[in-house]
Amino acid sequence: MHQPHMALLSSPGLGHLIPVIELGKLLSVHFNFKVTILAVTSQSSEAESHILKSAISNINSCDILEIPPADLSGLLEDEAAIVERLCVVMRETKGAVRSALCNMASPPSVLIVDIFGYECMSIAEEFRMLKYIFVASNAWFFSLVLYSPILDKQVQGPFVDQQEPFQLPGCSPVRPREVVDPMLDRNTRQYQEYLGIGTAMHSGDAILLNTWEQLQHKELRSLRDENLLGGQLKVPVYAIGPSVRPPEPPRSSTMELLGWLDQQRSESVVYVSFGSGGTLSYEETFEVAWGLELSQLRFIWVVRPPHRGHADSAFFSTTTGNLASEDPSNYLPEGFTDRTRSTGKLVPQWSDQVTILRHPSVGGFLSHCGWSSALESITNGVPMICWPLYAEQRMNATLLAEELGVGVRPKVLPAEKVMGREEIARMLGDVMKGKPNPIRDRARELKESAAMAMKRGGSSYNDLDLVANLCKATCHHLRQSF
Ligand code: UDP
């Protein structure tokens, strides 16, 4: 029988590549599609190329093709912000994506793009393919993206200076200071690019979100209700998550860590990491170190040299720690490494995160709240201490702490005031304490809920089944009409 073929396109950045690969695996293994993943890479992140290489050699169910980004010289300032950079890379790489699709022996009938690759949907139109948009983040974030062109008309002056939260129909309101990065300054190219994304979301044939019904029922209902956000979107929305990685084959340094974790008490260790590209300032790095010491908890900390500019400065240049990196004692408080030698482990630059989060000794995650990290935490039943840095992480922190009850967050955003060691230690204590611990109970509940959603017959499985059936029917129809 003819096997329908799908192409999935991911933009640079691990927060995009990893969920796209997982979605590809689901479609291939459970729904019998031939899947080709087109991964546009940054070519400057060692971690990205490590994950891509490992996927190419270990994943048999999908074909994975790397697409190097186009030459961007002269198109971007050195300090161009992430969203602007991603949109320009994807726009300029459109020709290479088109060639890759043209050169495939069996042409795909469906193209799934992430939000930054939206302009490649015109290639799908040209080839009469279905075009779906996969949002690697959550439904509340997506609602804001979608509603931003309307807010742009309604709101005068800087978003962050408004007194009242922004009302998104049928969704939780968004506090002015927690808007996504491109909304922080309306006079930038990245803001215009961001509005372009919001406007383009109507032109796909469907939206796939990396969330599930029980987690974000309210936002999903709004996106589907024509009297609420659905009236504006007019495109079917499927909640197909959580699409998360299984544990990676551990590197030798991780084997050592696992041996150490085996000796610790259940749920007694905090894992500290700020995602694929997050870094802290000197002062913040110091406070985290002192906070960990004050808390007297055991920890694994993925350390990076402090930044001198922006928290997202490593986004396109993350290393894996295999190369010699700066000795952490150069930027940690004097004596910290000696005093914590038996209670903590420092991992330079990069960890096998899912493998660590899955270990039963890990009981909390001090996280920057990137959506993949949040989902990896939830699906392992690990509660979070939220330290949002950039992108949509401020909204994610609010969602996790205030709405889902699976984490704690600082009173003042870290970008506005450096979080002090006492507050860090207090938050760590709140999440790591023994019973009663409602935050941990909630993490366990959500772990169950996520597993139920992904099981055959669960809400996300059913949504993906609907997507798969639609795609198969369209593929069949298209083949007959040629
Ligand atoms: N990650 C990892 N090891 C690290 C840091 C990050 O494996 O040391 C992975 C993490 O498991 C997640 C992804 O990188 O899958 C980061 O995505 P997320 O959305 O959390 O944040 P981003 O890096 O996009 O800000």
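Residues numbered from 1 in each chain as written. Predicted model: local features only at pLDDT ≥ 70, side-chain atom pairs only at ≥ 80, totals over all residues. Heavy atoms only, no water.

Engineer: Sorry if this is basic, but what is going on with helix 14 (residues 371-378) here?
Structural biologist: Because each turn of an α-helix spans 3.6 residues, side chains separated by three or four positions end up pointing in the same direction. The element helix 14 is largely enclosed, with a buried count of 8 among its 8 residues. Residues of helix 14 that are buried sit in contact with helix 1 (14-31), helix 13 (353-357), strand 11 (362-367), strand 12 (384-386), helix 15 (393-403) and helix 17 (438-454). (Buried < 20%, exposed > 50% of the residue type's maximum accessible area, 1.4 Å probe, protein only. Helix = DSSP H or I, 4+ residues; strand = E, 2+ residues; numbered from the N terminus. Contact = heavy atoms within 4.5 Å.)

Engineer: Please explain the sheet that holds strand 3 (residues 62-67) as it appears in this structure.
Structural biologist: Sheet strands associate in pairs through backbone hydrogen bonding, adopting either a parallel or an antiparallel arrangement. Strand order in the open sheet made by the 7 strands is 3-2-1-4-5-6-7, with parallel pairing throughout. Each edge of the open sheet carries a strand with a single partner, namely strand 3 and strand 7 (237-239). For this sheet the average axis-to-axis angle between neighbouring strands, irrespective of direction, equals 20°. Across the face of the sheet, helix 1 comes into contact with strand 1 (5-10), strand 2 (34-40), strand 3, strand 4 (110-114), strand 5 (130-135) and strand 6 (206-209) while running at roughly 170° to strand 1. (Pairing = 2+ DSSP bridges. Axes fitted to C-alpha atoms, helices over the stretch in contact; angles between N-to-C directions.)

Engineer: Before we go on, may I ask you to explain the site of the ligand in this structure?
Structural biologist: Within the structure, the ligand sits among 19 residues, and R245, S276, S351, S373 and E376 are positioned closest to it. Within the side chain of R245, one N or O atom sits 2.9 Å away from an oxygen atom of the ligand. In this structure, S373 approaches the ligand through a side-chain N or O atom, which is 2.6 Å from an oxygen atom. Relative to its unbound accessible area of 530 Å², the ligand is 96% covered by the protein chains. Elements supplying a minimum of two residues to the shell around the ligand: helix 1 and helix 14. Here the shell around the ligand gets 4 residues from one element, more than from any other, and that element is helix 14. Split into classes, the residues belonging to the shell around the ligand amount to 5 nonpolar, 12 polar and 2 charged. (Near = heavy atom within 4 Å. Polar contact = N/O pair within 3.5 Å; in protein donor to acceptor, adjacent residues only side chain to side chain. Areas by Shrake-Rupley, 256 points an atom, 1.4 Å probe, with all protein chains shown as cover. Nonpolar A, V, L, I, M, F, W, Y, C, P; charged D, E, K, R; others polar.)

Engineer: I tried to follow the packing of aromatic side chains on my own but got confused; where do I start?
Structural biologist: Think of a pair of aromatic rings as described by two things: how far the centres are apart, and how the planes are tilted against each other in angle. Scanning the model with the defined rule gives 7 aromatic pairs in all. Measuring from ring centre to ring centre gives 5.2 Å for F31 and Y461, while their planes differ by 40°; the resulting arrangement is tilted. Of this pair, F31 sits in helix 1 while Y461 sits in helix 18 (residues 459-481), and the two are 430 residues apart along the sequence. Neither residue differs from the other here; F31 and Y461 are each classed as buried. Following the ring pairs from residue to residue traces out a cluster consisting of F159, F166 and Y191. Geometry around F159 places R186 over its ring, the cationic atom sitting 4.3 Å from the centre. Residue placement shows K472 over the ring face of F33; its charged tip is 5.1 Å from the ring centre. (Phe/Tyr/Trp six-rings, centres within 6.5 Å; stacked < 30°, edge-to-face > 60°. Lys NZ or Arg CZ within 6 Å of the ring centre and 35° of its normal.)

Engineer: Just checking my understanding: could you explain the layout of surface pockets for this structure?
Structural biologist: In this approach the atoms are scanned with a rolling probe the size of a water molecule, which exposes any empty space left behind. Each pocket or cavity is described by its volume, and for the second largest pocket that value is around 520 Å³. Lining the second largest pocket we find 22 residues, and of these P242, V244, R245, P246 and M454 sit closest to its centre. For the lining of the second largest pocket, the secondary structure elements donating two or more residues are helix 1 and helix 18. Looking at the lining of the second largest pocket, the element that brings in the most residues is helix 1, giving 6 residues. In the lining of the second largest pocket, the residues fall into 11 nonpolar, 4 polar and 7 charged. (1 Å grid on protein atoms, 1.4 Å probe; cavity = no way out; pocket = protein on both sides within 12 Å on 5 of 7 lines; lining within 4 Å. Points joined across faces, edges and corners; volume = space filled by probe spheres on them.)

Engineer: Whenever I open this one, the side chain of N437 confuses me. Can you help?
Structural biologist: Topologically, N437 is positioned in the loop between helix 16 (421-432) and helix 17. A relative accessible area of 3% places N437 in the buried class. Only 3.1 Å separates the side chain of N437 from the backbone nitrogen of R440, close enough to count as a polar contact. Non-local contacts of N437, meaning those with residues more than four positions away in its chain, are made with D430, V431 and M432.

Engineer: Sorry, what's going on with the pairing of strand 5 here?
Structural biologist: Residues in a regular strand point their side chains to alternate faces of the sheet. Taking burial as the measure, the 6 residues of strand 5 include 6 buried ones, the bulk of the element. Alternating positions in strand 5 separate into two faces, L130, Y132 and F134 on one and K131, I133 and V135 on the other, with burial throughout. Bridge analysis of strand 5 against strand 6 gives 4 bridges, and the strand direction is parallel. Bridged to F134 within strand 6 is L208.

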